[in-house]
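What follows is the residue order along each chain.
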Amino acid sequence: MDALACASTNAGRARVVTDFLQARLAANRHAARWFTRLADEWLTASPNPQVDALVAASGMSSRSVERLTNRLYGASPKLLARKYRALSAAVRLGMGDAQGWSDAARDAFYDQTHFIREFSAFTGLTPARFQAQLAPLTRATMTQRRQLPGLPSLVGIA
């Protein structure tokens, strides 16, 4: 405010405001980058990511974490974890890394019904239909993504 009051021209005041806003935007970009890296690590560290682990790693309150994930991802941490679990299972089925639902589900789902319900909610298909209708292009895309160096591990899932 002092710099704004001391500026003698409109151009000077505009420069002060612009500098202030650019500094605020830069600070937000840094925070978003830090949090997205943390969220990616959280999602890929376990087949069943727990929201409490993300809250603990961030050092923020659970409500702050929820607000930030809603702002950055458009979803709550719980929904992100559910989506990651289902899409990760879809990749395992699609790549042939899993022989059946229990291999694809790992320890991330309570039972077969829970697995099918979550899988269907995020892929639009039951696991059996997904395997039967998996297009060669989809399989090739998943294979190529795994082989690209330097990509975040989360890219191999979605």
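Residues numbered from 1 in each chain as written. Predicted model: local features only at pLDDT ≥ 70, side-chain atom pairs only at ≥ 80, totals over all residues. Heavy atoms only, no water.

> Just checking my understanding: could you explain the overall build of the protein for this structure?
Tallying secondary structure elements over the protein gives 9 helices and 0 strands in all. In sequence order, the secondary structure elements of the protein are arranged as α-α-α-α-α-α-α-α-α. Taken over the C-alpha trace, the protein has a radius of gyration of 22 Å; the compact-globule value for 158 residues is 15 Å, which it surpasses by more than 25%. The proportion of buried residues among the 158 residues of the protein is 30%. (Helix = DSSP H or I, 4+ residues; strand = E, 2+ residues; numbered from the N terminus. Rg over C-alpha atoms; globule rule 2.2 N^0.38 Å. Buried < 20%, exposed > 50% of the residue type's maximum accessible area, 1.4 Å probe, protein only.)

> Explain the pattern of salt bridges to me, please; I cannot follow it from the model alone.
Two side chains of opposite charge can pair, provided their charged atoms sit close to one another. Counted according to the given criterion, the structure contains 2 salt bridges. Here E118 and R82 are joined by a salt bridge, their closest N and O atoms 2.8 Å apart. Taken together, the positions of E118 in helix 7 (residues 112-123) and R82 in helix 5 (residues 77-95) put the pair 36 residues apart, joining distant regions of the chain. Taking the shortest distance from any N to any O, the salt bridge between E118 and R85 comes out at 3.5 Å. With E118 in helix 7 and R85 in helix 5, this pair connects stretches of sequence that are 33 residues apart. For the pair shown, E118 and R85 are each scored as buried. What emerges from the salt-bridge pattern is a single network uniting R82, R85 and E118. (Salt bridge = Lys/Arg side-chain N within 4 Å of Asp/Glu carboxyl O.)

> Just to check I follow, could you spell out unusual backbone geometry for this structure?
Excluding glycine, residues mostly have negative phi values, and the peptide bonds linking residues are mostly trans. Positive phi values are uncommon outside glycine, yet R106 reaches one of about 50°. Summarising the element assignment, R106 is placed in the loop between helix 6 (101-105) and helix 7.

> Honestly, the packing of helix 3 (residues 51-58) against helix 4 (residues 62-73) in this entry has me stumped. Any pointers?
Geometry of a packed helix pair, given as the angle between the helix axes and the separation of the axes. At their nearest, the axes of helix 3 and helix 4 sit 9 Å apart, and the two run at 100° to each other. As far as their axial angle goes, helix 4 and helix 3 are roughly perpendicular. Every residue of helix 4 that contacts helix 3 at L54, V55 and S58 is listed here: S62, V65 and T69. For the contact of helix 3 with helix 4, the residue count by class is 3 nonpolar, 3 polar and no charged. (Axes fitted to C-alpha atoms, helices over the stretch in contact; angles between N-to-C directions. Parallel < 35°, antiparallel > 145°, perpendicular 65-115°, else oblique. Contact = heavy atoms within 4.5 Å. Nonpolar A, V, L, I, M, F, W, Y, C, P; charged D, E, K, R; others polar.)

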